[in-house]
Amino acid sequence: MVRDITLGQFLPGDSLMHRLDPRAKLGLTLSVIVFIFVAGNFLGLAVMTGLVFLGMAVSGVSIGRYLKSLKVVLLVVLFTSLLNLFYGGGEVLWEWGFLRITWGGVSNSIFVAVRIIVLIFASSVLTFTTSPTQLTDALERLMKPLSLIRVPVHEIAMMMTIALRFIPTLLEETDKIMNAQKARGADMESGGILKRVKALVPVLVPLFVSSFRRAYELATAMECRCYRGGKGRTKMKILHMKARDYISCGVAAAAGAGVILLRIFITHPYL
Amino acid sequence: MKILEVKGVSYQYSPKTPFCKTALEDVSFSIEQGEWIGVIGHTGSGKSTLIQHLNGLLRPTSGTVLLHGKDIWENPKKIRSIRFQVGMVFQYPEYQLFEETVEKDIAFGPRNQKLSDSEIHDRVQAAAKFVGLSQEMLKKSPFELSGGEKRRAAIAGVIAMDPEVLILDEPTAGLDPMGRDLILSQLMEYHRERKNTVLVVSHSMEDIAATADRVLVLDQGNVVMFGEPAEVFSRGPELADMGLQVPQITQIMAKLRDKGYPVPAGVLTLQQAVQALLPLMKRQEGGKADG
């Protein structure tokens, strides 16, 4: 079914990670991603991996969920690490024609694979524990300085909120329309590509019609409640940074500093 | 003759996640050929889930659904043929219309059945006649029709497949009283003429009382009652506990009985009530004249 697609899905909960300020979480995730790329050696990567694992541990989400989020990128991981296997210098382990595997290549390919996996885990921690509403709220606050150069920050955030809000609704609607057409004998599971694309017409036409209907209804409903854009608009839930937010930022900063130091002082090729 | 049999069917949405929800729990019942079944239940009682099992849109987590005594999932590749035998009209079916003309849209089902052009034409004409759509309307775009007409066009799209069992999920929801009466009378006419089995999910107890041979009551994924309307609606307090009501006229008659008037139980429609009350009133008037 359509609704089974997990796309950075929010999992409600009450863990430490869930209760962190979304701004802190967003900032943390972005800096963790940056530092994963900054880490130039295995020791640095190990520090970041440890940090991300710590985040996963306090997110209260089962490890199985995280592994499932890897499924989508498994092919990318395999492909890039396979490519990297043939690059790099050092002692030759295996050779066949122009293909050559070296110690450097092996260490490269492991490094790249771990890096991608940890990246996915890091972003999953954010999306599993932060509701889309919180996320756009945090984005709006963090982008606020941009409004000085006339970027319509509030409007962008509102558009994102509405778009995210309607993803499940539209998925449900797609499901319903698909069921209705299947009940009339529509065949969407067999045939070649052309036949399958054609089979989508009975689903897409009603979906477009109802999306426009929903958009008009929403616009009317918002106007009825005197929505006039961001000017002078106040927040119902004002975000406050608490001790736990500062502490987690501190932990991440320490890890980041460690990564930089390790990069400067450790120059051993396989560490 | 039993046409549909549901045996020990359970169904869970999103199993093994925090969103896991048991929608049906060990549901069993059977429906006779030619019956008109009304299905009632509070929002979230599993009505929609249940009917989607009957034409194989959902596959039970456990249990079986039998059509003519054969498991509909016996050959999963042939599930489409089940959907032609058990026609399903969803809630607000007008949102599924997509073709350029009403005629083409009604023909979508029969075309999927791979019928010949002349046969499709006959089916479309017959279905349009049942729901009272004129020839001009058939040539129009479905998006030009009024709400009630769209609804009838969508129902025609399922009737045109000539299913043995016709399932309708709240066919009258959101219509004005005239549109509601029109659709119900057309469906009853169709049922009388074709003699096939009809299953209607409805929130309107009046509609159910006026049309159904038997009433199936669902509560929290379980079948709690299944019997004739008079019998089911005589259990008003139990239905009220499930967030359901009995028809208004039945409520009035129950109140009259509570006050000590000798009116019969199991009155479901206005006509029955009139018949029950007239002799009573005549007797009272007669009494006055004597005195």
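Residues numbered from 1 in each chain as written. Chains lettered and ligands numbered in written order. Predicted model: local features only at pLDDT ≥ 70, side-chain atom pairs only at ≥ 80, totals over all residues.

### Side note on the overall build of chain A
Condition: Helix numbers and strand numbers start at the N terminus; a helix is a DSSP run of H or I with at least 4 residues, a strand a run of E with at least 2. Here the globule rule is a power law, 2.2 Å times the number of residues to the power 0.38, and the radius of gyration is based on C-alpha atoms. Three exposure classes are used. Buried residues have 20 or more other C-beta atoms within 10 Å of their own C-beta, exposed residues have 12 or fewer, and partly exposed residues fall in between, all C-beta atoms being placed from the backbone. Placing C-beta atoms from the backbone, we regard two residues as in contact once those atoms come within 7 Å.
Helix and strand counts for chain A come out as ten helices and two strands. Each helix (α) and strand (β) of chain A, taken in turn from the N terminus, gives the series α-α-α-α-α-β-β-α-α-α-α-α. Taken over C-alpha atoms, the radius of gyration comes to 24 Å for chain A, far larger than the 18 Å a tight globule of 271 residues would show. When burial is assessed residue by residue, chain A has 24% of its 271 residues classed as buried. By sequence separation, contacts in chain A at least 24 residues apart represent 75% of the contacts at least 6 residues apart.

### Examining the overall build of chain B
Helix and strand counts for chain B come out as twelve helices and ten strands. In terms of overall dimensions, chain B has C-alpha extents of about 75 × 50 × 35 Å along its principal axes. Residues counted as buried form 40% of the 291 residues belonging to chain B. Restricting the contact set of chain B to residue pairs at least 6 apart, pairs at least 24 apart contribute 66%.

### A closer look at the nonpolar core
Here is the rule we go by: Put simply, a nonpolar core is buried Ala, Val, Leu, Ile, Met, Phe, Trp, Tyr and Cys residues tied into one set by C-beta atoms within 7 Å.
Counting residues in hydrophobic clusters, the biggest one holds 80 residues, and the most contacted among them are Ile106, Ala156 and Ile167 of chain B. Look past the residues within four positions of isoleucine 167 of chain B in its chain and what remains in contact with it is Ile51, Leu54, Asn55, Val86, Gly87, Met88, Val89 and Leu199 of chain B. Leu28, Val47, Val125 and Leu135 of chain A belong to the second-largest nonpolar core, a separate cluster that totals 29 residues.

### Notes on the sheet that holds strand 3 (residues 36-41) of chain B
Residue and element names in this part refer to chain B. Applicable threshold: Whether two strands pair depends on DSSP finding at least two bridges between them. Lines are fitted to the C-alpha atoms to define the axes, a helix being fitted only along its stretch in contact, and any angle between axes, read from their N-to-C directions, falls within 0 to 180 degrees.
Spatially, six strands are ordered 6-7-8-3-9-10 in an open sheet, and the strand pairing comes out mixed. Among the strands making up the open sheet, the edge pair consists of strand 6 (86-89) and strand 10 (222-227). Each strand of the sheet is rotated relative to its neighbour by a mean of 15°, with strand direction disregarded. As paired elements, strand 9 (residues 214-219) and strand 10 share five bridges and run antiparallel to each other. Residue pairing in the sheet places leucine 218 in a bridge with valine 223 of strand 10. Packed on one face of the sheet, helix 1 (residues 47-54) meets strand 3, strand 6, strand 7 (165-169), strand 8 (197-201) and strand 9 and runs near 155° to strand 7.

### So, the packing of helix 2 (residues 22-38) of chain A against helix 10 (residues 243-265) of chain A
Residue and element names in this part refer to chain A. So the rule is basically this: Working rule for angles: under 35 degrees goes down as roughly parallel, over 145 as roughly antiparallel, 65 to 115 as roughly perpendicular, anything else as oblique. Asp, Glu, Lys and Arg are counted as charged, while Ala, Val, Leu, Ile, Met, Phe, Trp, Tyr, Cys and Pro are counted as nonpolar; the rest, among them Gly, fall into the polar class.
Two numbers describe how helix 2 lies on helix 10: the axes approach to 10 Å, and their chain directions differ by 10°. Compared by their axis directions, helix 2 and helix 10 come out roughly parallel. Seen from helix 2, the contacting residues are Ala24, Leu28, Ser31, Val32, Phe35 and Val38; seen from helix 10, they are Asp245, Ser248, Cys249, Ala252, Gly256, Val259, Ile260 and Arg263. A per-class count over the contact of helix 2 with helix 10 returns nine nonpolar, three polar and two charged.

### Here we look at the interface of chain A and chain B
Accessible area lost on assembly of the parts is the figure often given for the size of an interface. Residue-level contacts link 18 residues of chain A with 20 residues of chain B. Elements with a minimum of two residues in the side of chain A that touches chain B: helix 8 (153-183) and helix 9 (193-224) of chain A. Considering every element that reaches the side of chain A that touches chain B, the biggest residue donor is helix 8 of chain A, with seven residues. Classifying every residue of the side of chain A that touches chain B gives ten nonpolar, four polar and four charged.

### Structural notes on the environment of leucine 66 of chain B
Residue and element names in this part refer to chain B. Residue placement: leucine 66 occurs in strand 4 (residues 62-67). Distance in space between the C-alpha atoms of leucine 66 and leucine 54 is 8.6 Å, their sequence separation being twelve residues. If we ignore the near neighbours within four places in the chain, the residues touching leucine 66 are Glu5, Lys7 and Asp71.

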